[in-house]
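Understanding the architecture of this molecule
Take a look at the letters that make up each chain.
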Amino acid sequence: MSGVTDQLSPANLAQAQELGLSESEWGVILDRLGRPPNQAELGIFSVMWSEHCSYKSSRRHLRKLPTTGDCVICGPGENAGVIDIGDGQACIFKMESHNHPSFIEPYQGAATGVGGIMRDVFTMGARPVALLNALRFGAPEHAKTRALVSGVVAGIGGYGNCVGVPTVGGETNFHSGYNGNILVNAMCVGIADQDSIFYSAAKGAGNPVLYVGAKTGRDGIHGATMASAEFDDETEAKRPTVQVGDPFTEKRLIEACLELMQTGCIIAIQDMGAAGLTSSSVEMADKGGVGIALNLDRVPQRETGMMPVEMMLSESQERMLIVLRQGQEAIAREIFERWELDVALIGRTTDTGHMVLTHKGEVVCDIPIGPLADDAPNYDRPWREAPLRSVFSSKDLPPCNPANALQILMQSPDMASKRWIWEQYDRHVMADTIRASGGAADAAIVRVHGTDKALAISSDCTPRYVAADAFEGGKQAVAESWRNISACGATPLAITDCLNFGNPERPEIMAQLVRAIDGMAEACAVLGFPVVSGNVSLYNETAGTAIPPTPAIGGVGLLADASKAMGFGGAQDGDALILLGKTKGWLGSSLYLREMENREEGAPPPVDLAMERCAGDFVRSVVLAGELSAVHDLSDGGLACAAAEMALASKIGLHLRGGDRLSDAAWFFGEDQGRYLLAVKPSQVEGVLSAAKMAGIEVEQIGSVGGDKIVLNGAPLALDALRDGHEGWLPNLMENE
Amino acid sequence: MKAAVIVFPGSNCDRDAVCALRNHTTRHVHRVWHRDSQLPKVDLVFIPGGFSYGDYLRSGAVAARSPIMAAIKEHALNGGLVAGICNGFQILTEARLLPGALMRNAGLKFVCKSAALTVENTKSSFTNAYFGQPTTSIPIAHHDGNYYADNETLDRLEGEGQVIFRYVDNPNGSARDIAGICNAKGNVLGMMPHPERAIDALTGETGGLGFFESLANAMAGARK
Amino acid sequence: MKAIVHVRPRSGVLDPQGQAVAGALKHLGFDEVLEARQGKVIELVLADGDETKARERVEQMCKHLLANTVIEDYQVSIEP
């Protein structure tokens, strides 16, 4: 790429392979063009056909996911999913990964991940109202972990706080399986009016193409290709490709774009995300059935001497591409200039069906749009599932003192309080946050501004289940999201997903992806919880070691009356504790087994989706009827950990009896699915018990609220000691030398 | 009774401020763009939180030199009320309408949490509604809230009743636990906690209601 | 012509960022570090002209915007 003329020289197979294309993909390009591409064209093909942009390994499997439903206005395929939340309003949301950049440069990687997902949402006309983050780090004691945690958290906060969108929830796990590849998955939720939703189809020829936002530099060139390859020892030398985020520009871009959207000037709009100007222009032209001609000399540039391919592949942040109605440029220009943002007319839509790029008076690229977008490879990669683990028998487990075990689990990395993280996030800006991290609810609750409605938003995945059995794990992730939303009293509506896996060219990894999608699809279908948007991140491997399979689920639900939102911090002295759902004492793949016995084995707990639905519908009905003081779903660490979280949040002790015919370990720490712990006023107990039985759900009264200790089958644990351990773990890790 | 909320590029609590003022202080709230050089006729100028100009260079530094600030200085000079919250406090110190400066938090991290406060002066235009209940709780959310002034200035602030809010449990290293101060005349206030986020039990706390009620009282009193 | 402006926390003003830097260096075994002060450097590219005049103008820039003299000191150097 040393000169303009080199850009026009024909490329060869070796150069294609260098950019990550296979021999067969190269063959398709030759066939479609009828000639070898030049260097610029090859660069464009290579990013459009990268795993990151084309979903070439996952596309055929993603089709199995249910994507329609009563609430769905727009499913996968646009920048984000759109659902109906009543009163002519829509909720627009998506989750996306920024794993590779965050490992290389945690602050900027995480910050630009947040910026990118926000752009996906406001591109469609929504004002972003909530952010969540699903983070997975390596083992706490691993040499890099602390620096990665502190960089990622500072980056998320630095961006979201500045833009002024509250970060309301998320999850954080630690496991040695992520030592070489952390996961940073960011979710953004926005609100729009249904009559003002913007799509990417640039219908009609001759319309002006406007570039707005920040200038283009050489940032992140081949980022999409990087996200489609494994790490090796050289990867850290690729540091210069990481993009730098500017939340101040993002904030102005949000305000300016939302203002322009009110004017009726816009035909189509796209953010320049992965593969920058290339993928945004190709997608708009392809969906609109038009061609596009761009004059690259007009692209606002931050650096001198940029080559066409560099401009086309740059992943400089905070940029948008807009196709306007003819004659409306002046209106757009006034708005963007007032917000002190670059704005440039860089081209027009055409009727040629080609993407034509000119640079310094020469045509440097002329390729048909169709093959770029539609002929992208679509692989049916071979997959072979590892033999499934057998069901774990807890008979030979050593005896357990449940109070000691509870203390240990509650201060273990995955269960310990993440206050150190979420206190660095502005959770309340916009003044509509009802429950955020630390707010003692199973999901974040955010009021829809100016209404009595609220959204319940949750992010979930239990990677150790997926690693044990991808099908059950995929099912469980969706079910847990549905359960968390139901526990707040909200009606679950739809999900977004972020599928993080290793190298799909390895059959056992491909099997994880395929089976997890199968499990998700089944859960979505039975629970009526369609997928409306998502992202796939593959090649999360270092030196041949893949991450634990991690299909993160971002769920959204709706509460018609925000004041009815329920959490687990309201248990009162004298309340009865009721356990809803069937307890078999399932310890396979449990947190207890991992933390207490250092054993990661056994099949994960199966999810009975019909019972799940039944129990969730019941819980929602009693929450909305106002019959509960507190409710908490049972997940990691089972009954005892759910009870401990309820006690800590409610600032009061509680007593739980032992289980019938179950060991203390199995009863208190088993992770059977589809269960909830309810704190119920004494006067309501009979009613709740009989209503649950009527609904066919297993239910029993198992304890009561009161005192300043948690007492498990007679074994006491002082709440203060529990709180100290629970709150102390992460600050100790991060701030003690 | 009228109020103006100033909007800088990067302000992000302007909508929250407008809502809080409309619901609890006055129905008549204007938004004023930072590039304007004149204020509408108002009793109160409210500088909201956010990251004006990305907080680049120093928090509030660039905003403090924007065109509207001359008009705000004149409004203050004429005895008009000015309240700066969070980034607004930083802007007011940078504009030298208030003494001291707000430095990086002692813990170096952004801090978002509820802060218990003592209301040190319940006679001010901003705090008269806290009379008889001189403690409250209002959330903070900032990276640069560590109040600094030299000892002489701090002594004067304390001696003249210009320290308005103090933290019960200092979250950011502020000198003498200062969370909010006013100028010598008592018509310009800056504070790091966000009262506009503490006006609704559903979204958390209500400790900021007194702030907006105080302003309503003060503006009504000034009119008499 | 270039002006280099160094902005530093004034002596006597607590500098938590500098303290953190010093602490980190000590933990890395650089025991000789007694203190660190963290500031910033601002490079200005100026139209060529009289150096004394330029210095005067940059000093004004410092007072008006580049430094907050309540907490910061500045130092200007001019390079041709």
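**Quick look at the sheet that holds strand β2 (residues 40-45) of chain C**
All names here are of chain C. A sheet is described by the order of its strands in space; here three strands give the open sequence β2-β1-β3, paired in antiparallel fashion. In this open sheet, the two strands that pair with only one neighbour each are β2 and β3 (72-79). Neighbour-to-neighbour, the strand axes of this sheet turn through a mean angle of 20°, independent of strand direction. By the bridge criterion, eight bridges tie strand β1 (residues 2-9) to β3 in an arrangement that is antiparallel. Residue pairing for β3: R8 is matched across the bridge by D73. Running over the sheet, helix α2 (residues 51-66) touches β1, β2 and β3 and is turned about 155° from β3.

**Section: the confidence of the model for chain A**
Averaged over chain A, the pLDDT score is 94; the fraction of residues at 70 or greater is 96%. Throughout residues 236-240 of chain A the model reports pLDDT below 50, and contacts reaching past four residues in sequence, or to other chains, amount to four contacts.

**Structural notes on the interface of chain B and chain A**
Tallying the contact residues gives 26 residues for chain B and 31 residues for chain A. Surface buried jointly by chain B and chain A totals about 2400 Å² across both partners, of which 59% is contributed by carbon and sulfur atoms. Looking only at chain B, the three residues that lose the most surface to chain A are R15, C112 and L202 of chain B, adding up to 24% of its buried area. Applying the counting rule to chain B against chain A returns five salt bridges. Note that D426 of chain A is salt-bridged to R197 of chain B, the shortest N-O span being 2.8 Å. The interface formed by chain B and chain A contains twelve residue pairs in polar contact (both at pLDDT 80 or more). Elements supplying a minimum of two residues to the side of chain B that touches chain A: α1 (14-24) and β6 (111-119) of chain B. Among the residues making up the side of chain B that touches chain A, the classes are represented as twelve nonpolar, six polar and eight charged.

**Some thoughts on the sheet that holds strand β17 (residues 491-500) of chain A**
All names here are of chain A. Read across the open sheet, the six strands follow the order β14-β15-β16-β21-β17-β18; overall the sheet is mixed. Both edges of this open sheet fall to β14 (433-435) and β18 (531-537), since each of them pairs with a single strand only. Going from strand to strand, the sheet's axes swing by 20° on average, the running direction of each strand aside. Bridge count between strand β15 (residues 444-447) and strand β16 (residues 454-460): four bridges; the pairing is antiparallel. Counted as the bridge partner of A444 is I457 from β16. Along the sheet, helix α20 (residues 507-527) contacts β17, β18 and β21 (550-559); its crossing angle with β17, the most-contacted strand, is approximately 175°.

**A closer look at the environment of P171 of chain B**
Mapped onto the elements of the fold, P171 of chain B is located in the loop between β9 (163-167) and β10 (178-182). The buried category is assigned to P171 of chain B, whose relative accessible area is 17%.

**Examining the interface of chain C and chain B**
Listed per partner, the contact involves 16 residues of chain C and 15 residues of chain B. For the chain C and chain B pair, buried surface summed over both sides reaches about 1300 Å², with 62% attributable to carbon and sulfur atoms. Taken together, chain C and chain B are joined by one salt bridge. Across the salt bridge formed by R58 of chain B and E72 of chain C, the nearest N and O atoms sit 3.6 Å from each other. In terms of residue class, the side of chain C that touches chain B is made up of ten nonpolar, four polar and two charged.

**Concerning the nonpolar core**
Counting residues in each nonpolar core, the largest one holds 70 residues, and the members touching the most others are I6, L21, F46, I47, I72, Y147 and F211 of chain B. For I47 of chain B, the residues in contact, after removing those within four places along its chain, are I6, F8, I72, V82, A83, G84, I85, G88, I91 and L92 of chain B. Listed in part, the 67 residues of the second largest apolar core include I117, V153 and Y425 of chain A together with V7 of chain B.

**Remarks on unusual backbone geometry**
Residues and elements named next belong to chain A. Even without glycine at this site, K360 takes up a positive phi of about 50°. Its place among the elements puts K360 in the loop between β12 (354-359) and β13 (362-368). In this structure K360 comes out as exposed when scored by relative accessible area, which is 59%. Positive phi, normally seen in glycine, also occurs at K651, with a value near 55°. Looking at where K651 falls in the secondary structure, it is placed in the loop between α23 (638-650) and β24 (654-656).

**Let's talk about the pairing of strand β26 (residues 699-705) of chain A**
Residues and elements named next belong to chain A. Pairing between strand β22 (residues 576-580) and β26: five bridges, direction antiparallel. The residue of β26 that forms the bridge with L577 is G703. Pairing analysis gives three bridges linking β24 to β26, with the strands arranged antiparallel. In the sheet register, L654 faces β26, and the bridge partner there is V705.

**Comments concerning the state of the cysteines**
All names here are of chain A. Overall, the coordinates contain zero disulfides over all chains when judged by the stated rule. Here C257 stays free of any disulfide, with the sulfur of C265 as its closest cysteine sulfur at 12 Å. Residue class for C257 comes out buried when judged on its relative accessible area of 1%. This cysteine, C488, is not joined by any disulfide, and C91 carries the nearest cysteine sulfur, 15 Å off.

**Some words on the side chain of R58 of chain B**
With respect to the secondary-structure elements, R58 of chain B resides in the loop between β3 (44-47) and α2 (68-77). A distance of 2.8 Å separates the side chain of R58 of chain B from the backbone oxygen of L65 of chain C, its partner in a polar contact.

**A look at the packing of aromatic side chains**
Per the stated rule, a full pass over the model turns up 14 aromatic pairs over all chains. Relative to W33 of chain B, the ring of W339 of chain A has its centre 4.8 Å away and its plane inclined at 70°; by these criteria the two rings are edge-to-face. Taken together, the positions of W339 of chain A in the loop between α14 (329-338) and β11 (342-350) and W33 of chain B in strand β2 (residues 28-33) put the pair across two chains. Take W339 of chain A and W33 of chain B: they sit in the same class, and that class is buried. Here W667 of chain A and F668 of chain A contribute two aromatic rings whose centre-to-centre distance is 6.4 Å and whose plane-to-plane angle is 65°, an arrangement assigned as edge-to-face. Look at F668 of chain A and you get buried, because its relative accessible area is 0%. Among the aromatic residues, those joined into a ring-pair cluster are Y592, W667, F668 and F669 of chain A. For the cation-ring pair, R252 of chain A lies above F248 of chain A, with the distance from its terminal atom to the ring centre recorded as 4.1 Å.

**Brief notes about helix α3 (residues 87-94) of chain B**
Residues and elements named next belong to chain B. The buried fraction of α3 amounts to eight of the eight residues, a majority that puts the element mostly inside the structure. Residues of α3 that are buried: N87, G88, F89, Q90, I91, L92, T93 and E94. Residue R96 follows α3 closely and has a positive phi angle near 65°.

**With respect to the environment of G109 of chain A**
Residues and elements named next belong to chain A. For G109, the position within the fold is in helix α8 (residues 106-122). Along the sequence, G109 and A565 sit 456 residues apart, while their C-alpha atoms lie 34 Å from each other. If sequence neighbours within four positions are ignored, G109 has contacts with H98, P101 and S102.

**With respect to the packing of helix α4 (residues 39-48) of chain A against helix α12 (residues 276-288) of chain A**
Residue and element names in this part refer to chain A. Relative to each other, α4 and α12 sit at 75°, their axes nearing to 10 Å. The angle between the axes of α4 and α12 places the two elements in the roughly perpendicular class. For the pair α4 and α12, the contacting residues are I44, V47 and M48 in the first and T278, S279 and V282 in the second. In terms of residue class, the contact of α4 with α12 is made up of four nonpolar, two polar and no charged.

**Observations concerning the confidence of the model for chain B**
A residue-level look at chain B finds 99% of positions with pLDDT of 70 or above and a mean pLDDT of 96. The ipTM assigned to the predicted complex is 0.96, against a pTM of 0.95.

**Focus: helix α9 (residues 145-163) of chain A**
Residues and elements named next belong to chain A. Here α9 contains 19 residues, and its C-alpha end-to-end distance of 27 Å stays within 8% of the 27 Å for a straight helix at 1.5 Å per residue. Burial runs high along α9: 14 of the 19 residues are buried. G164 sits one or two positions beyond α9 and adopts a positive phi of about 90°.

**What about the environment of D342 of chain A?**
Residues and elements named next belong to chain A. Position of D342 among the secondary structure elements: in strand β11. The spacing of D342 and G213 is 129 residues in sequence and 5.2 Å in space, taken between C-alpha atoms. Here K215 takes part through its side chain, which lies 2.7 Å from a polar atom of the side chain of D342.

Calculation rules
- Residues numbered from 1 in each chain as written.
- Chains lettered and ligands numbered in written order.
- Predicted model: local features only at pLDDT ≥ 70, side-chain atom pairs only at ≥ 80, totals over all residues.
- Heavy atoms only, no water.
- Pairing = 2+ DSSP bridges.
- Helix = DSSP H or I, 4+ residues; strand = E, 2+ residues; numbered from the N terminus.
- Axes fitted to C-alpha atoms, helices over the stretch in contact; angles between N-to-C directions.
- Contact = heavy atoms within 4.5 Å.
- pLDDT = per-residue confidence, 0-100.
- Buried area = accessible area lost by both parts, 1.4 Å probe.
- Salt bridge = Lys/Arg side-chain N within 4 Å of Asp/Glu carboxyl O.
- Polar contact = N/O pair within 3.5 Å; in protein donor to acceptor, adjacent residues only side chain to side chain.
- Nonpolar A, V, L, I, M, F, W, Y, C, P; charged D, E, K, R; others polar.
- Buried < 20%, exposed > 50% of the residue type's maximum accessible area, 1.4 Å probe, protein only.
- Core = buried A, V, L, I, M, F, W, Y, C linked by side-chain atoms within 4.5 Å.
- Disulfide = S-S within 2.5 Å.
- Phe/Tyr/Trp six-rings, centres within 6.5 Å; stacked < 30°, edge-to-face > 60°.
- Lys NZ or Arg CZ within 6 Å of the ring centre and 35° of its normal.
- Parallel < 35°, antiparallel > 145°, perpendicular 65-115°, else oblique.
- Expected span 1.5 Å × (residues − 1).

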